Amino acid sequence: MKDTDIRRYAELMKELGLTGLEMTEGDSRVRLERSVPAPAGETVYAVPETAPAVRSAAENKDYISVKSPIVGVFYAAPAEKAESYVKAGDAVNKGQILCIIEAMKLMNEIVAEDDGVISEVCVTNGQVVEYGTELFRIKR
């Protein structure tokens, strides 16, 4: 990926107010992240990155958390009036499509990494999701 392309994507992120963007071109993969300064008069507290991981590992023993690998729009179905790929209570197999995340007019299929049963759909259809947003909980 060319330096000029990366700069163009960085400007697009700033223009749209995005905090993260991931692109894949051929064998190259680039992830851009930026921090947004807090509004004047607002206190910002730093949280160590290891704290959420430790806490979530203790809470996740009975389910698998499927998180968004990219920033985009969550779609539960392949078309507007189509039935959702999965819903709470559905059994899923490894490799089965769970949803679509639209990023920059590209439709990215999110698939199950393990077998299980959907215990919760954590986002709503059409919702904008960030990198790492929990999409589903799959009971093992």
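The structure displayed is predicted, hence computed values, not measured ones. (Residues numbered from 1 in each chain as written. Predicted model: local features only at pLDDT ≥ 70, side-chain atom pairs only at ≥ 80, totals over all residues. Heavy atoms only, no water.)

A. Representation of the packing of aromatic side chains within the structure. Tallied over the entire structure, the rule returns one aromatic pair. When the centroid spacing of 6.0 Å and the interplanar angle of 55 degrees are considered together, the rings of Phe74 and Phe136 count as tilted. Taken together, the positions of Phe74 in strand S4 (residues 72–75) and Phe136 in strand S10 (residues 134–139) put the pair 62 residues apart, joining distant regions of the chain. The same class applies to Phe74 and to Phe136, which are both buried. Above the plane of the ring of Tyr9 lies Arg8, whose end atom (NZ or CZ) is 5.3 Å from the centre. (Phe/Tyr/Trp six-rings, centres within 6.5 Å; stacked < 30°, edge-to-face > 60°. Helix = DSSP H or I, 4+ residues; strand = E, 2+ residues; numbered from the N terminus. Buried < 20%, exposed > 50% of the residue type's maximum accessible area, 1.4 Å probe, protein only. Lys NZ or Arg CZ within 6 Å of the ring centre and 35° of its normal.)

B. Quick peek at unusual backbone geometry. Phi is positive for Met104, which is not a glycine, with a value near 55 degrees. Overall, Met104 belongs to the partly exposed group, its relative accessible area being 40%. At Lys105, a position not held by glycine, the phi torsion is positive, near 65 degrees. Inspection of the secondary structure puts Lys105 in the loop between strand S6 (97–103) and strand S7 (106–111).

C. Spatial organisation of the pattern of salt bridges. Under the definition given, this model contains three salt bridges. Note that Glu134 and Arg137 form a salt bridge whose closest N and O atoms lie 3.1 Å from each other. When salt bridges with common partners are traced through the structure, they connect Glu120, Glu134 and Arg137 into a single cluster. (Salt bridge = Lys/Arg side-chain N within 4 Å of Asp/Glu carboxyl O.)

D. Examining the side chain of Glu102 more closely. Within the element layout of this structure, Glu102 appears in strand S6. Here Glu102 occupies a buried position and makes no salt bridge, while the nearest side chain of opposite charge, Lys105, is found at 4.3 Å. Of the polar contacts made by the side chain of Glu102, one reaches the side chain of Tyr75; its length is 3.2 Å. Discounting chain neighbours no more than four positions away, the residues touching Glu102 are Val71, Gly72, Val73, Tyr75 and Met107. (Lys, Arg positive; Asp, Glu negative; His and termini not counted. Polar contact = N/O pair within 3.5 Å; in protein donor to acceptor, adjacent residues only side chain to side chain. Contact = heavy atoms within 4.5 Å.)

E. Region of the structure containing the nonpolar core. Ranked by size, the top nonpolar core spans 19 residues in total, and within it Phe74, Leu98, Leu135 and Phe136 carry the most contacts. Listed by contribution, the elements that provide at least two residues to this core are strand S3 (63–67), S6 and S10. In terms of residue count, the dominant contributor to this core is S6 (four residues). Listed in part, the eight residues of the second largest apolar core include Met13, Leu18, Val30 and Leu32. (Core = buried A, V, L, I, M, F, W, Y, C linked by side-chain atoms within 4.5 Å.)

F. Molecular detail of the pairing of strand S8 (residues 116–121). The pairing of strand S5 (residues 91–92) with S8 spans two bridges and is classified as antiparallel. What sits directly across from Ala91, in S8, is Val117. Pairing of S8 with S10 involves four bridges; the strand directions are antiparallel. When the bridges of S10 are listed, Ile118 appears paired with Ile138. (Pairing = 2+ DSSP bridges.)

Purely geometric stuff here, so don't read any function into it on its own.
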